[in-house]
Every structure is written in C-alpha cells, then in structure tokens.
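A closer look at the structure
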Amino acid sequence: MPDSALLFDIGNVLVHFDFTPAARRFATLSDATEAEVLARLRPFKDDLESGRISDDDFIRESTRLIGFHGTREDFITTWGDIFTENTPMIALVEELSGKVPLYLLSNTSGLHKEWLFAKFPVFRHFAGGIYSHEAQCMKPHDAIFQQAVAAYGLDPARTFYIDDLEDNIATGQRLGFVSHHYHHDRHAALEAELRAWLGTPA
C-alpha cells in the first residue's frame, strides 16, 4: 500500500503519562500541597497546549501560583518527567519504520514535545507531526486534522489513525480516517487490525 500512512497520538499511545508523581515533586519545591499543585496548574493545560500562552509565561505564572522555589531547569524537568514508554507500541513503531510513513498528531505543549523528543528515541522514526501548541488548535476539532492532511498530503481513507480518546476518534472517523480507539490493555487488537489493514502477516 504505497499511498498508505499511519497517524499516531502520543499520550497514552506511544507513552504513558501520570502527573501525580510530578505534583508530588512540585510540592516538595513549593509552598503548595500536592493537591493544590494539581488544582492550580490544571487550568493552564488547554491554554498551553493550544499555544494561547507561551512556555515562558506558563513557567512564570505557575511559579508564582504554587510558590515554586526551584530553578527554571528544576521546573522543566519536573513538568516533563511524567512519561514512560508503552513498550509494545514502541516495538511496533520500530517494526513499521521505513515500511510505511509514520506521522504524529498530538495535543501537547512545547515543553512536553521537547522533553519527549530528547528522552525517547522512538520519535526519530516519525517523518513529521502536527502539534496543537504550534497549530493553535486542538483535537477533537477538525482544524488540526485538516492541517495534518494538508502538511503531509494524507488521504484519510488510506491513513490509519490511532488515538486513546473517543472524541478524537469520532472526529477521525467523521473525516474519513481509518480510526482505532486504542487502549494499552488491548494492544493485541490494534496489531491485528493494523496488520490486516496493511496486508501483512501476524
């Protein structure tokens, strides 16, 4: 299938994430409790990931809100170190690399994108990606999917899209993508469906 392509979400697809340990570490370096850290920083998430505020403004305002006493580097490390590899998915990407074009479509911030790309070698296998903070729009809205189509010449009917969130999958399906609602506990189901779509043996 020379015209086919794969489009991957990042969080809870390629990597797992859990902000709780980061909140705990923030609490040891600030005037806020773990619960207060979560409550005060959570409202920034969509603004940061949609590019409505810059990384620098986010760090500055967050530092003020939680009374953070560490360095900028401490903040970036704590904010970024919430991810762990989804090992079966990493193996699948490595197997597919070079056989079919691989792209990313992610709601993420510049801080997290830089952290992920520096820490996890799997991202070298991707030919490109559309990221919400750069696109200034987020899934599940149509616009970010349309940016991916335009940027990489994707034919949705020949693009297999993988995401963990139902709302995002619903948009993908409506726009004509071959869409798979992923959960790491059902990874084998993804592999079976993807191999059937690609016409490759199990």
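Going by the structure above, here's the rest.
This section reports on the structure supplied with the text.

Calculation rules
Numbering of residues starts from 1 in every chain and runs along the sequence as written. The predicted nature of this model means local features are confined to residues of pLDDT at least 70 and side-chain atom pairs, given and counted, to a pLDDT of 80 or more, with totals for whole chains, interfaces and linings taken over all residues. Here the side-chain values reflect all heavy atoms present in the structure, with hydrogen atoms and water set aside. Note on classification: 1.4 Å probe, protein chains only; a residue is buried when its accessible area is under 20% of the maximum for its type, exposed when over 50%, partly exposed between these limits. Under the scheme used here, helices are H or I runs from DSSP no shorter than 4 residues and strands are E runs no shorter than 2 residues, and both carry numbers assigned from the N terminus. DSSP-based pairing: two strands are paired if at least 2 bridges between them are found. Handedness of a crossover is defined as follows: orient the strands so they point away from the viewer, and if the path from the first strand over the helix to the second runs clockwise, the crossover is right-handed. Throughout this description, the term nonpolar core refers to a set of buried Ala, Val, Leu, Ile, Met, Phe, Trp, Tyr and Cys residues connected via side-chain atoms within 4.5 Å. Working rule for contacts: check all heavy atoms of both residues, and any pair within 4.5 Å makes them a contact. Interaxial angles span 0 to 180 degrees and are taken between N-to-C directions of axes, which are lines fitted to C-alpha atoms, for helices over the stretch in contact. Roughly parallel means an angle under 35 degrees; roughly antiparallel means over 145; roughly perpendicular covers 65 to 115; every other angle is labelled oblique. We call Asp, Glu, Lys and Arg charged. Ala, Val, Leu, Ile, Met, Phe, Trp, Tyr, Cys and Pro are nonpolar, and the rest, Gly among them, are polar. Stacked, tilted and edge-to-face pairs are distinguished by plane angle, under 30 degrees for stacked and over 60 for edge-to-face with tilted covering the rest, among Phe, Tyr and Trp rings (Trp via its six-membered ring) whose centres lie within 6.5 Å.

Another point: the pairing of strand β4 (residues 102–106). Among the 5 residues in β4, 5 count as buried, and that is most of the element. On β4, burial covers both faces: Leu102, Leu104 and Ser106 on one face and Tyr103 and Leu105 on the other are all buried. Two strands pair when backbone bridges link them, and β4 and strand β5 (residues 128–131) are joined in this way by 4 bridges, in the parallel orientation. For leucine 105, the partnering residue across the bridge sits in β5 and is isoleucine 130. Following the backbone out of β4, through helix α7 (residues 110–119) and into the adjacent parallel β5, one traces a crossover that is right-handed.

Glancing now at the nonpolar core. Within the largest apolar cluster, 46 residues are counted, with the highest numbers of intra-cluster contacts made by Leu6 and Phe8. No other element matches the 5 residues that helix α6 (residues 87–96) contributes to this core. If we skip the residues at most four places from it in the chain, phenylalanine 8 touches Val13, Leu14, Met89, Val93, Leu102, Tyr103, Leu104, Leu105, Phe126 and Ile162. Residues Ile130, Cys137, Ile144 and Tyr161 belong to the second largest nonpolar core, which totals 14 residues.

Relative placement of two packed helices is described by the angle separating their axes and the distance separating the axes. Packing of helix α5 (residues 72–80) against α7 brings their axes to within 9 Å, and their N-to-C directions diverge by 75°. In terms of orientation, α5 and α7 fall into the roughly perpendicular class. In this structure, α5 contributes Ile76, Thr77, Trp79 and Gly80 to the contact, and α7 contributes Leu111, His112 and Trp115. Each residue belonging to the contact of α5 with α7 can be placed in one class, and the counts come to 4 nonpolar, 3 polar and no charged.

What follows is about the pairing of strand β1 (residues 5–8). Because side chains alternate across β1, one face comprises the buried residues Ala5 and Leu7, and the other comprises Leu6 and Phe8, equally buried. In this sheet, strand β6 (residues 159–163) lies alongside β1 in parallel orientation, the contact comprising 4 bridges. When the sheet's bridge partners are listed, alanine 5 is paired in β6 with threonine 159. As judged from the 3 bridges shared by β1 and β4, these two strands associate in the parallel manner. Of the residues in β4, the one forming a bridge with leucine 7 is tyrosine 103.

The subject of this paragraph is the packing of aromatic side chains. Here a ring pair, both rings aromatic, is described through the centre-centre distance and the interplanar angle of the planes. Scanning the model with the defined rule gives 19 aromatic pairs in all. Their ring planes at 85° and their centres at 5.4 Å tell us that phenylalanine 145 and tyrosine 161 sit as a pair that is edge-to-face. Placement of phenylalanine 145 in helix α9 (residues 142–152) and of tyrosine 161 in strand β6 is noted, with a sequence separation of 16 residues between them. Each member of the pair, phenylalanine 145 as well as tyrosine 161, is classed as buried. Centroid distance phenylalanine 145 to phenylalanine 177: 6.0 Å. Interplanar angle 55°. Geometry classified as tilted. In this pair, phenylalanine 145 sits in helix α9 while phenylalanine 177 sits in the loop between α10 (166–174) and β7 (178–181), placing the two residues 32 residues apart along the sequence.

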